[in-house]
Amino acid sequence: MKTAYRVLAHSIMILVILQTMVIVWGFFGLFHWIEDGGVMNKAVLDDRDTLNFTEQRGMMLHGIGGMVLVPLVVLAFLIVSFFAKIPGGVAAAGIVVGLVVAQVALGIFAHGVPGLGILHALGAFLIIGAANAADRRAKRVSAPVEVAAR
Amino acid sequence: MTRSRIRTAVALVATAAILGPLGYFWQASLLPDAYSMMSMGYLDDGGGPAVHQHAGGVPVTQLRADPDRRPDVDVTLTARKGSFTLASGQKVDGYTLNGTSPGPTIRAKVGQLVQVRLVNESVPDGATLHWHGVDVPNADDGVAGVTQDAVGVGGSFTYRFVADRAGTFWYHSHQISHEQVRGGLLGALVVDPAKPVPDETDFVALMHQYRGYSTVNGSSEPAAVPAEPGRKVRVRVINTENGLVPVWVSGASFRVLAVDGSEVNGPAEVRDTALNLPAGGRVDLGLTVPATGARVEIGGAAAVTLGPAVAASPRPGATLDLLSYGTPQAVPFDPDRAVRHFKYDINRRPGFVRGRPGLFWTINGHLYPDVPMFMVRTGDVARMTISNNSGESHPMHLHGHRLLVLARDGTRATGSPWWTDSLEVPAGESFDVAFVADNPGIWADHCHNLPHAADGMVAHLMYEGITTPYVIGGAASNIPE
């Protein structure tokens, strides 16, 4: 279970890094598409069936990742933490869950209040930090006790 | 019990505490293979006199135009699924009516009886036709599973209604509408006044996106109006998309002659101003072709040209506000005498709809299908406050009625009476609207960003004593949204 805990902590870190990569890929694709004469408006934005530019996949992936994949992995992380017997492991997973909930909420409400986007970007770093802290906590427990030899 | 066992037991209980409610909500969101709109959600009488639903009321099938009256306009539309070529040459997959998309523009004069026979030649999921903006009898509203069964391959359905108001309307499938409308199963409907407007060129500009091609009347090339400089033109812009489209004019001033098929009273001339046209909405622009030419820009991606070529212009910063546009005029009912006051609060939360997890729209705090059934009696004046706290804009469409906008965010309307059937309610805003319940039936009241409707953003307005024999799902596989 400790291994599963660590694998999931790493998965969360990797997924969040991928989330940042695909969304930036998407936005640069959008700018490039506009440079090439593409026109973005609400009707184009809401035509979810059409891929206007390849990098639009980045935006779709960010949506699926943020609203489905990351929440599922984080939920599994919390459940595994109950069984992993890592001192403070449940609390560490709980912090990750809390941050992800806040992050998803910020991602949604930033559509109406764009200023929240600043916190949404910061949230990514906080989740990575919290997942990393949880992983280090698990690593301390699972690593063999080293006796300092002089 | 050892400490370790206790620990495991606590872990199991905690896991059950998380997965149990998830499983419960998932299970609760599953819908039967067939269910009636009448048994869905909960009754909301808007604080007015209690409305009772008795068994054995009048079925919607009886709410039809005079069956003995001969049609003045008689059209057959044959629906097909497959690839077709746009007027501008691109090949796309989708749906056609009589071999084209958009389908033929249907034109009638006010007061005429329009009869349209829909024949489904090859749309495997079935199809219907909804007359967007026209207050048709309920049996002809074209909503699969509510007012009819979807027309299967080889089947047909005949719609009959009196075109009682001159204006710009459109028609589209209301079976799996988020896919069939996107694929082009739609067309324009124009009801002309009894007496033609003299010295005016009339031009329909139906805007649709086919697999990324922004088109006017099925062509990605700008549509040219055959009108010489000095000629008065009425351009009827129809937004068949899922999102709002800004419309503005390069090279000329213009007036907004009509909104959603209702004439604007005393429309002022405006220039360098855009109008945000909601999904499903229509606007008639009036302009005189200048000697130097003009362009009606539709979303910046499609255009209508008038006279000599003129350069496209970017969207102007100013936006026309219909709340204060035009001059006031008496309306045929008193909104202050409303006997019902409905709330349509739009929000968003995580949950399950039809067993699918996600972030879904809520109506008055409830997820589909636990949505309100707004109950009225024939003749009621009703008000509705539509508030949007969901973080995203929604184009709200009530079938079979036109809404009078009274106020936005508490600011009263001061311009021409603003009648609408497709009202954009931006995030964080609220509208007070009123209507007269003068068209008995069961009417969808939904978001016309059609994927939102497919995700459950649909409620109904139901009249006392009206029932429907149709079901969602069932043998006809009715999936209205």
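For the structure, see preceding data.
Described below are features of the structure shown in this document.

Here is what the cut-offs are and how they apply
Residues numbered from 1 in each chain as written. Chains lettered and ligands numbered in written order. Predicted model: local features only at pLDDT ≥ 70, side-chain atom pairs only at ≥ 80, totals over all residues. Helix = DSSP H or I, 4+ residues; strand = E, 2+ residues; numbered from the N terminus. Rg over C-alpha atoms; globule rule 2.2 N^0.38 Å. Buried ≥ 20, exposed ≤ 12 C-beta atoms within 10 Å, placed from the backbone. Contact = placed C-beta atoms within 7 Å. Core = buried A, V, L, I, M, F, W, Y, C linked by C-beta atoms within 7 Å. Axes fitted to C-alpha atoms, helices over the stretch in contact; angles between N-to-C directions. Parallel < 35°, antiparallel > 145°, perpendicular 65-115°, else oblique. Left-handed = near helix turned anticlockwise from the far one by under 90°. Pairing = 2+ DSSP bridges.

Overview of the overall build of chain B
Next, step 1: If you tally the helices and strands in chain B, you get three helices and 37 strands.
Next, step 2: For 481 residues, the compact-globule estimate of 2.2 N^0.38 gives 23 Å, and chain B sits close to it at 24 Å.
Next, step 3: Overall size of chain B, expressed as C-alpha extent along the three principal axes, is 95 × 55 × 50 Å.
Next, step 4: Classification of the 481 residues of chain B by burial places 51% in the buried group.
Next, step 5: Within chain B, contacts between residues at least 6 apart in sequence are counted, and of these 78% link residues at least 24 apart.

A closer look at the nonpolar core
Next, step 1: Counting residues in each nonpolar core, the largest one holds 135 residues, and the members touching the most others are B:A205, B:V237, B:V247, B:V296, B:I298, B:V304 and B:V433.
Next, step 2: Look past the residues within four positions of B:I298 in its chain and what remains in contact with it is B:A205, B:M207, B:V216, B:V237, B:V245, B:V247 and B:A303.
Next, step 3: In this structure, A:F77, A:A84, A:V90 and A:V100 belong to the second largest nonpolar core, which totals 23 residues.

Overview of the packing of helix α3 (residues 56-83) of chain A against helix α4 (residues 89-109) of chain A
Residue and element names in this part refer to chain A.
Next, step 1: The N-to-C vectors of α3 and α4 enclose an angle of 165°; their axes lie 9 Å apart at closest approach. Our classification of the angle between α3 and α4 gives roughly antiparallel. The hand of the α3/α4 crossing is left-handed. Contacts between α3 and α4 pair G66, M67, V70, P71, V74, F77, L78, S81 and F82 from the former with G89, V90, A93, G94, V96, V97, V100, V104 and G107 from the latter.

Regarding the pairing of strand β19 (residues 273-277) of chain B
Residues and elements named next belong to chain B.
Next, step 1: With four of five residues buried, β19 lies mostly within the body of the structure.
Next, step 2: Sheet analysis places strand β16 (residues 245-250) next to β19, joined by three bridges and oriented antiparallel. Counterpart to V247 in the pairing with β19 is L275.
Next, step 3: With two bridges connecting them, β19 and strand β23 (residues 318-319) associate as parallel partners. Opposite A274, over in β23, you have T319 as the bridge partner.

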